[in-house]
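# Per-entry structural report
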Amino acid sequence: MARSLDPEPVSVWITFADKGERGPADLAARIGAAEAALTPRARARRVRAGVSPLVGYDDLPVDAGYLEDLERRGSRVVSVSRWLNRAAVRVPGGDLAAL
């Protein structure tokens with residue numbers, strides 16, 4: 001990893017293993033809350049498209065604690081994809097190995 005010693009920031013995608021849920025009950029509660037938060041327009045669009053269930057795991061946001069941890073470690077979060085469960089970050093090249 002030649003870039004690992006380079007102090008210049010590099011852009012990388014960080015993929016998370018989960019959405020930060022703490023067990024099946026917490027996951028069910030998060031999905032229920034996400035479904036309740038759908039606007040009537042979004043709900044109607046999903047119904048028309050035949051989306052079932054209306055809200056799934058991929059609809060949950062990336063865990064905010066994970067993003068905060070990246071920033072505490074000196075990375076700058078550039079973009080977040082809840083569907084891919086990833087964050088694009090700028091990180092000093094010398095810090096890559098620590099991630």
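Each value, and the rule that gives it
Residues numbered from 1 in each chain as written. Predicted model: local features only at pLDDT ≥ 70, side-chain atom pairs only at ≥ 80, totals over all residues. Heavy atoms only, no water. Helix = DSSP H or I, 4+ residues; strand = E, 2+ residues; numbered from the N terminus. Buried < 20%, exposed > 50% of the residue type's maximum accessible area, 1.4 Å probe, protein only. Polar contact = N/O pair within 3.5 Å; in protein donor to acceptor, adjacent residues only side chain to side chain. Contact = heavy atoms within 4.5 Å. Salt bridge = Lys/Arg side-chain N within 4 Å of Asp/Glu carboxyl O. Pairing = 2+ DSSP bridges. Axes fitted to C-alpha atoms, helices over the stretch in contact; angles between N-to-C directions.

## Some thoughts on the side chain of Asp59
Within the secondary structure layout, Asp59 lies in the loop between helix H2 (40-49) and helix H3 (64-72). Residue classification places Asp59 among the buried positions, given a relative accessible area of 15%. A distance of 3.2 Å separates the side chain of Asp59 from the side chain of Arg46, its partner in a polar contact. Every residue in contact with Asp59, bar those within four places of it in the chain, is listed here: Arg46, Leu54, Arg82 and Trp83.

## Focus: the pattern of salt bridges
Under the defined criterion, the tally for this structure stands at five salt bridges. The shortest N-O distance in the salt bridge between Glu35 and Arg43 comes to 3.6 Å. Exposure remark for Glu35: the relative accessible area of 29% places this residue in the partly exposed category. Look at Arg43 and you get partly exposed, because its relative accessible area is 29%. A salt bridge links Arg46 to Asp59; its shortest N-O distance comes to 3.2 Å. Of this pair, Arg46 sits in helix H2 while Asp59 sits in the loop between H2 and H3, and the two are 13 residues apart along the sequence. This pair shows no difference in class: Arg46 is buried, exactly as Asp59 is. When salt bridges with common partners are traced through the structure, they connect Asp69, Arg72 and Arg73 into a single cluster.

## Side note on the sheet that holds strand S2 (residues 76-81)
A sheet is described by the order of its strands in space; here three strands give the open sequence S1-S3-S2, paired in antiparallel fashion. One side of each edge strand has no neighbouring strand; the edge strands of this open sheet are strand S1 (9-15) and S2. When strand polarity is set aside, the average angle formed by the axes of neighbouring strands in this sheet is 25°. By the bridge criterion, seven bridges tie S1 to strand S3 (residues 86-92) in an arrangement that is antiparallel. If you follow Ile14 over to S3, its bridge partner there is Ala87. Across the sheet, H3 is in contact with S1, S2 and S3; its angle to S2 comes to roughly 155°.

Remember, this is a structural readout, not a statement about activity or role.
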